[in-house]
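Structural overview for review
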Amino acid sequence: MIVPMKKVTLLVLKKEQRHALKDLRSLGLVHIEDRPANGALINELRSEKNDITLAMSLLTEYLPKKEKKGVTPPSLLSEEDTLTFVDSVLSLTSSYKSNMEESARLSGEIASYAEWGEINTSDFTFLAEKGIYLFPASTSVKTYNSLPKDIKTILLGHGKTGVRFLIRSETNALPTDLPQDIIPLKLPETSVKALKEKLKSLQAKIASYKQEMTKMSAYLNSLHALDEVVSKKLQFEIVHDGMQTIDFGDQDDEERVRLVWLTGYIPCEDEAKLSSLAKEKSWAYLSQDPEEDDSVPTKIKRNKLVNLISPLIDFLGTVPGYTEPDISLWFLLFFGIFFAMIFGDAGYGAVLLLIAVILILKTKAKKQKVPTAFYMFGYLGFMTVIWGTLVCNWFGMPTEIVPAFLKKLAVPAIANFTPEDIRNQNQILLCFTLGLTQLMIAHIVSLFRNIKSPKFLADVGSLSMLGGMYFVVLNLVVDSQKYAINNAVLLAIGVGFALNFIFVNYSTGIVQAILESLKNIINMLLGVVNVFADIMSYIRLWAVGLAGGAISATVNEMAGPALGGVIIFAGVLLLLFGHGLNYIMNVLSVIVHGVRLNTLEFSNHVGLTWSGFKYEPFNDGGRI
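Residues numbered from 1 in each chain as written. Predicted model: local features only at pLDDT ≥ 70, side-chain atom pairs only at ≥ 80, totals over all residues. Heavy atoms only, no water.

**Structural notes on the overall build of the protein**
Cut-off, in case you're wondering: Every helix listed is a DSSP run of H or I at least four residues long, and every strand listed is a run of E at least two residues long, numbered separately from the N terminus. Throughout, radius of gyration means the C-alpha value; the globule benchmark is 2.2 Å times the number of residues raised to the power 0.38. Summary of the burial criterion: residues with accessible area below 20% of their type's maximum are buried, those above 50% are exposed, and those between are partly exposed, where the area comes from a 1.4 Å probe applied to protein chains only. Contacts are assigned to residue pairs that have any heavy atoms within 4.5 Å of one another. The Shrake-Rupley method, run with a 1.4 Å probe sphere, supplies the accessible areas, and residue values consider only the shown protein chains as cover. For this count, His and the chain ends are skipped, Lys and Arg are scored as positive, and Asp and Glu as negative. Where a charge lies is defined by one atom per residue type, namely NZ (Lys), CZ (Arg), CG (Asp) and CD (Glu).
Scanning the protein from terminus to terminus reveals 20 helices and 9 strands. Taking 2.2 N^0.38 as the reference for a compact globule, 624 residues should give roughly 25 Å; the C-alpha atoms of the protein span a radius of gyration of 37 Å, well beyond that estimate. For the protein, the C-alpha atoms occupy an extent of roughly 110 × 95 × 65 Å along the three principal directions. For the protein, buried positions account for 42% of its 624 residues. The contacts in the protein between residues at least 6 apart in sequence include a share of 77% that link residues at least 24 apart. Total accessible area on the protein is roughly 34,700 Å²; 60% of this is exposed by carbon and sulfur atoms. For the protein, the distance from the average site of its 59 positive side-chain charges to the average site of its 61 negative ones is 7 Å.

**What to know about the confidence of the model for the protein**
Stated precisely, the cut-off is as follows: On a scale of 0 to 100, pLDDT captures the predictor's confidence in every residue.
For the protein, per-residue confidence averages 88 on the pLDDT scale, and residues scoring 70 or more make up 95% of the total. At the low end of the mean pLDDT range in the protein sits strand β7 (residues 244-248), at 81; at the high end sits helix α12 (residues 372-391), at 94.

**Things to note about the nonpolar core**
Going by this rule: Among the buried residues, those of types Ala, Val, Leu, Ile, Met, Phe, Trp, Tyr and Cys that are joined through side-chain atoms within 4.5 Å form a nonpolar core.
Among the nonpolar cores identified, the biggest contains 58 residues, and F335, F432, I535 and L541 are the most heavily contacted of them. The greatest single-element share of this core, amounting to 10 residues, is contributed by helix α10 (residues 328-343). With residues near it in sequence (within four places) discarded, L541 still touches F338, M341, I342, C431, L434 and L597. Counting residues in hydrophobic clusters, the runner-up holds 24 residues, among them V8, V239, L262 and Y265.

**A word on the packing of aromatic side chains**
Rule in force here: Planes of paired rings set the category: under 30 degrees apart is stacked, over 60 is edge-to-face and the rest tilted, where pairs are Phe, Tyr or Trp rings (Trp by its six-membered ring) whose centres lie within 6.5 Å. Whether a charge sits over a ring depends on NZ of Lys or CZ of Arg being within 6 Å of the ring centre and within 35 degrees of the ring normal.
The tally for this structure, following the rule as stated, stands at 15 aromatic pairs. Arranged with centres 4.9 Å apart and planes meeting at 50°, the rings of Y144 and F165 form a pair that is tilted. One end of the pair, Y144, is in helix α5 (residues 141-145); the other, F165, is in strand β5 (residues 162-169), with 21 residues separating them in the sequence. By relative accessible area, which is 16% here, Y144 ends up buried. Ring geometry for F334 versus F338: centroids 6.0 Å apart, planes at 35°, classification tilted. Placement of the pair is F334 and F338 together in helix α10, with a separation of 4 residues, close to one helical turn. The pair F334 / F338 is uniform in exposure class, with both members buried. Members of the aromatic cluster, each reached through a chain of ring pairs, are F331, F335, F339, F343, Y348, F395 and Y583. Cation over ring: R164 sits above W116, and NZ or CZ is 5.8 Å from the ring centre.

Encoded structure:
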């Protein structure tokens, strides 16, 4: 359920502002409304946090893959020493990047002299002092052969770029009448040998960077600790700077009263704690119900069973709005079903269930708190085992070799040993029925939310349209004779559309609602098509599950001959690789299809836009 909130306003004396905020943070229950805050200290703390975050990201890449046994991590550095350490990490990385760029430049420059040998600029300087001016250059053979006789050259050789030669001049400048395609060679600052030595030195520094960063990664614990401290300070200063000031009295009056105030939200169940604190500290305190246009955070309270879905919802980052319904229970139930149907294999489910059990037992053996995600994996594995058993699918094995007792647990109408056309038809029918059920639940939830308003009749109309469109879908996809489109079906769609058209936009009266619907007549008509499309979209459960089953069966067929011969090892590898790849593809399919049916089709029908944001109270944990 979405926890009811109270909007609270606190006023305190300006001189007690910091003490009051510390008391409020210790309470840790008020989600403070965001206010613009850009003070000098805030910008400084933000800069520090950015540097710390960057340093942690850089060092994490160089953490040793395996921790050495018996090695004790270094003790935490002081705050000042850690900040100095962060500067060292960033400075080292900056030098590393500069060295990499310079190394690339030198490598290119050295490569440009590859055909010229060990050129030394001092040699040309020495000859110039003796009155001999030589300029290395290159051009094509054709251009070189057509040079005027008054241009004196010394041919050095032919290479990939054409002819290499020296131009001899009477002055310390090239002749002005040279052909345009003659390319003078830019001499190195000193010599090619010096460039190579410099490159070698840079490469040594680059090679030592990884070693240095690996050593420094041992102090990541200090960076994490400092990050928490800076985050806490930053959070505090943002709230402090965002508080509004009220002055009572003239600005020049030394006895004027200065107050500061803030607005926030607190769960109704915790309001008494804030009220008690306000009385104890003599704060002015106002509590009221949130208004319609208030930006209220969402706090969701789930029981242990429904909370199994929280890791997935947290991963998606979706939060219902404060005034929207909490669909966690339905999300958990249907996502488990969709997951099972997309995987479609009891063997795959058993593997996931076994992994989840092992992870839970290992965590408990260490006397640590078991992550909710492990229980969620166990639930999903269990649901997959149930569905795979019902359809008699075990690692894609042919049903002829599946043990008899497992066949008895299957439902013949949808099992793999049933003729393909009958099985597919029944499974498709089941998908559409499942879709109808979920979408009807969505409108029933919406109906009860609107029960005090005539708007609930719009949901009655949607339920009627869903029922009619369900038979239209069955007529087109499953069996046109068995599921004929009769007058009852047309009446259900027509009456449903009429009720939805009249009441879906109801606010102040029926006339207002009809006029509003007429303004959106195109969308209203498309809504009928959308109902059809939404029911149709559930066929993806059958299609994706069928594809996964076909892949696992193909893998078995490919590995089968190898398992019975001398190359049994290759057969086992093929089985592991093939089924592992199929497992990964099924996970991606669940994310694309299983999640979509809940967050799009179902959510649209229940009126859920996922427009909310999390309730994050001002506390010692820090919220930025």
